[in-house]
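# Chains, contacts and geometry: an overview
Next come the chains, spelled out residue by residue.
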Amino acid sequence: MVCSPPPCLAGLEVSVAETEKRNGKNGMNMQETFTVYLVETRPMEAVAEGRNPAPDSLWRRYSEFEVLRSYLLVTYPAIVVSPLPEKRNFLQRVTSHPVLSNDNILYQFLTE
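Per chain, the residues get numbers from 1 upward, laid out in the order the sequence is written. Side-chain atom pairs in this predicted model are given and counted only at pLDDT of 80 or more, local residue features only at pLDDT of at least 70, and totals for whole chains, interfaces and linings cover all residues. Where side-chain values are given, they derive from all heavy atoms of the structure, hydrogens and water being excluded.

### Regarding the confidence of the model for the protein
- On a range of 0 to 100, pLDDT expresses the predictor's confidence in each residue. Summarising the model, the protein shows a mean pLDDT of 84, and 88% of its residues fall at 70 or more.
- The secondary-structure element of the protein with the lowest mean pLDDT is helix α1 (residues 44-48), recorded at 74, while helix α2 (residues 62-75) shows the highest, at 93. Each helix corresponds to a stretch of at least 4 residues labelled H or I by DSSP, and each strand to a stretch of at least 2 residues labelled E; elements are numbered beginning at the N terminus.

Here's what the structure looks like:
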């Protein structure tokens with residue numbers, strides 16, 4: 001699913017700012033511990049101009065990274081998609097790729 005108009009992620013700095021362990025209940029109502037990752041985006045233009053705007057940020061679970069990677073593998077079979085678990089490198093690689101960076105699902109993963 002390609003963004004319109006492309007490129008969606010051009011001009012965005014993307015990073016995983018921190019990780020955190022959390023506790024919650026799974027689908028079988030059992031207590032579990034899981035890791036979440038704070039994904040931050042900010043306009044590169046503002047950073048280049050010396051402004052330091054507060055980043056837009058959202059928390060993502062490891063399982064959400066797995067779903068995103070699976071989606072990218074199926075949707076773009078001719079492209080080598082970075083392996084997990086290194087979320088920082090994974091996001092940097094997929095957002096800097098000329099084709100993947102135009103994907104609407106990837107954009108939504110980072111912004112919604």
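### Points about the pairing of strand β2 (residues 31-43)
- In this sheet, β2 lies alongside strand β1 (residues 12-25) in antiparallel orientation, the contact comprising 13 bridges. Bridge pairing in β2 places E18 opposite L38.
- Between any two strands, pairing holds if DSSP finds at least two bridges. Between β1 and β2, which pair antiparallel one after the other, the connecting turn spans five residues, and N29 there sits at a positive phi close to 65°.
- With six bridges connecting them, β2 and strand β3 (residues 56-61) associate as antiparallel partners. Of the residues in β3, the one forming a bridge with V36 is R61.

### Description of the sheet that holds β3
- Judged by pairing direction, the sheet is antiparallel, and its three strands sit side by side in the order β1-β2-β3 without closing on themselves. Strands with a single pairing partner mark the edges of an open sheet, and in this sheet they are β1 and β3. The sheet shows a mean angle of 25° between the axes of neighbouring strands, direction not considered.
- Along the sheet, α2 makes contact with β2 and β3, crossing β3 at roughly 90°.
- Contacts between residues were defined by any pair of non-hydrogen atoms, one from each residue, lying within 4.5 Å. Between the N-to-C directions of two axes lies an angle of 0 to 180 degrees, each axis being a line fitted to C-alpha atoms and, for a helix, fitted only over the stretch in contact. Relative to β3, helix α4 (residues 104-111) is tilted by about 100°, and along the sheet it contacts β1, β2 and β3.

### A few points about the packing of aromatic side chains
- Centres within 6.5 Å make a pair out of two Phe, Tyr or Trp rings, where for Trp the six-membered ring is used; the pair is then stacked when the planes are under 30 degrees apart, edge-to-face when over 60, and tilted otherwise. In the structure shown here, the tally under the stated rule is three aromatic pairs.
- With a centroid separation of 6.4 Å and 70° between ring planes, the pair formed by F65 and F90 is classed as edge-to-face. Placement of F65 in helix α2 and of F90 in helix α3 (residues 87-96) is noted, with a sequence separation of 25 residues between them.
- Their ring planes at 75° and their centres at 5.2 Å tell us that F65 and F109 sit as a pair that is edge-to-face. Taken as a pair, F65 in helix α2 and F109 in helix α4 lie far apart in primary sequence, 44 residues in all. Taken individually, F65 and F109 each receive the classification buried, so the pair is uniform in this respect.
- A network of ring pairs unites the aromatic residues Y37, F65, F90 and F109 as a single cluster.
- Here, a charge over a ring means that NZ of Lys or CZ of Arg falls within 6 Å of the ring centre while also lying within 35 degrees of the ring normal. Lying across the ring of W59, R22 places its NZ or CZ 4.6 Å from the centre.
- If you follow R61 out to its NZ or CZ, it ends over the ring of F34, 3.6 Å from the centre. A 1.4 Å probe rolled over the protein chains alone gives each residue an accessible area, and that area as a share of the maximum for its type sets the label: buried under 20%, exposed over 50%, partly exposed in between.

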